[in-house]
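Spelled out, the chains give:
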Amino acid sequence: MNRSKSREQAFKLLYSIQIVKSDDVEEQIKIYSEQEEIESKDTIAYIEDIIKGVSKNENEIERQIAENIKKDWTLARISKIDLSLLKLGIYEMIYSKVPYKVVINEVVELAKKYGTDSSKSFVNGVLASIVKKNGIDNLSENE
């Protein structure tokens, strides 16, 4: 499974965890991997990194989102799909140091596929703002 497909699987599980509101990420990863018949150890390791990383850094990630949305908006107003996409993108850009252009491009593609008509521009705008405010400049695109 290529990285784009693995990223999509990680997004789906992030979204599922948002809906189920489960704190047992280990169990959720195991159940999801079995249900989706994911056998690649690399894919499972990638998904684990994303899910555990987002969970561990959730407060900081949510702070980043809150600081980069309109003043009259709250996290509760953001759809679970968009919120999951933003968390995935922020984790990869800030904590995994994946080149921001790769992350934004792929997360926006997922927003087009799973979100509403406005998801693409919303997610793109928030992630671009985070890149700018955090001075993220990892231009090596070796992903």
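Residues numbered from 1 in each chain as written. Predicted model: local features only at pLDDT ≥ 70, side-chain atom pairs only at ≥ 80, totals over all residues. Heavy atoms only, no water.

*Asks:* Whenever I open this one, the overall build of the chain confuses me. Can you help?
*Replies:* Of the regular secondary structure elements, the chain holds 7 helices and 0 strands. Listed N to C, the secondary structure of the chain is α-α-α-α-α-α-α in terms of helices and strands. Computed over the C-alpha atoms, the radius of gyration of the chain is 14 Å, within 12% of the 15 Å expected from 2.2 N^0.38 for a compact globule of 143 residues. Based on the C-alpha atoms only, the size of the chain along its principal axes is roughly 40 × 35 × 30 Å. When burial is assessed residue by residue, the chain has 45% of its 143 residues classed as buried. (Helix = DSSP H or I, 4+ residues; strand = E, 2+ residues; numbered from the N terminus. Rg over C-alpha atoms; globule rule 2.2 N^0.38 Å. Buried < 20%, exposed > 50% of the residue type's maximum accessible area, 1.4 Å probe, protein only.)

*Asks:* Could you clarify how one ought to interpret the packing of helix α1 (residues 3–20) against helix α5 (residues 80–95) in this entry?
*Replies:* Axis angle and axis distance: for two packed helices, these are the angle between their axes and the distance between the axes, and together they describe the pair. With their axes 9 Å apart at the nearest point, α1 and α5 run at an angle of 125° to one another. Compared by their axis directions, α1 and α5 come out oblique. Crossing angle aside, the handedness with which α1 passes α5 is right-handed. Here R7, F11, L14, Y15, Q18 and I19 of α1 come into contact with α5, specifically with K80, I81, L83, S84, L85, K87, L88 and E92. Here the contact of α1 with α5 is composed, by residue class, of 8 nonpolar, 2 polar and 4 charged. (Axes fitted to C-alpha atoms, helices over the stretch in contact; angles between N-to-C directions. Parallel < 35°, antiparallel > 145°, perpendicular 65-115°, else oblique. Left-handed = near helix turned anticlockwise from the far one by under 90°. Contact = heavy atoms within 4.5 Å. Nonpolar A, V, L, I, M, F, W, Y, C, P; charged D, E, K, R; others polar.)

*Asks:* Any chance you could explain the packing of aromatic side chains here in plain terms?
*Replies:* What describes a pair of aromatic rings is the distance from one ring centre to the other and the angle between the planes of the rings. Inspection of the entire model under this criterion finds 4 aromatic pairs. Measuring from centroid to centroid gives 5.4 Å for W73 and F122, while their planes differ by 25°, and the two rings are stacked. Of this pair, W73 sits in the loop between α4 (58–67) and α5 while F122 is found in helix α7 (residues 119–134), placing the two residues 49 residues apart along the sequence. One aromatic cluster is present, built from ring pairs that chain together F11, Y15 and Y114. (Phe/Tyr/Trp six-rings, centres within 6.5 Å; stacked < 30°, edge-to-face > 60°.)

*Asks:* Explain the nonpolar core to me, please; I cannot follow it from the model alone.
*Replies:* Ranked by size, the top nonpolar core spans 42 residues in total, and within it I50, I51, I65, M93, V123 and L127 carry the most contacts. Counting only elements with at least two residues in this core, the list comes to α1, α2 (25–35), α3 (41–56), α4, α5, α6 (100–114) and α7. Excluding its chain neighbours within four sequence positions, the residues that come into contact with I50 are A10, L14, L88, Y91 and E92. (Core = buried A, V, L, I, M, F, W, Y, C linked by side-chain atoms within 4.5 Å.)

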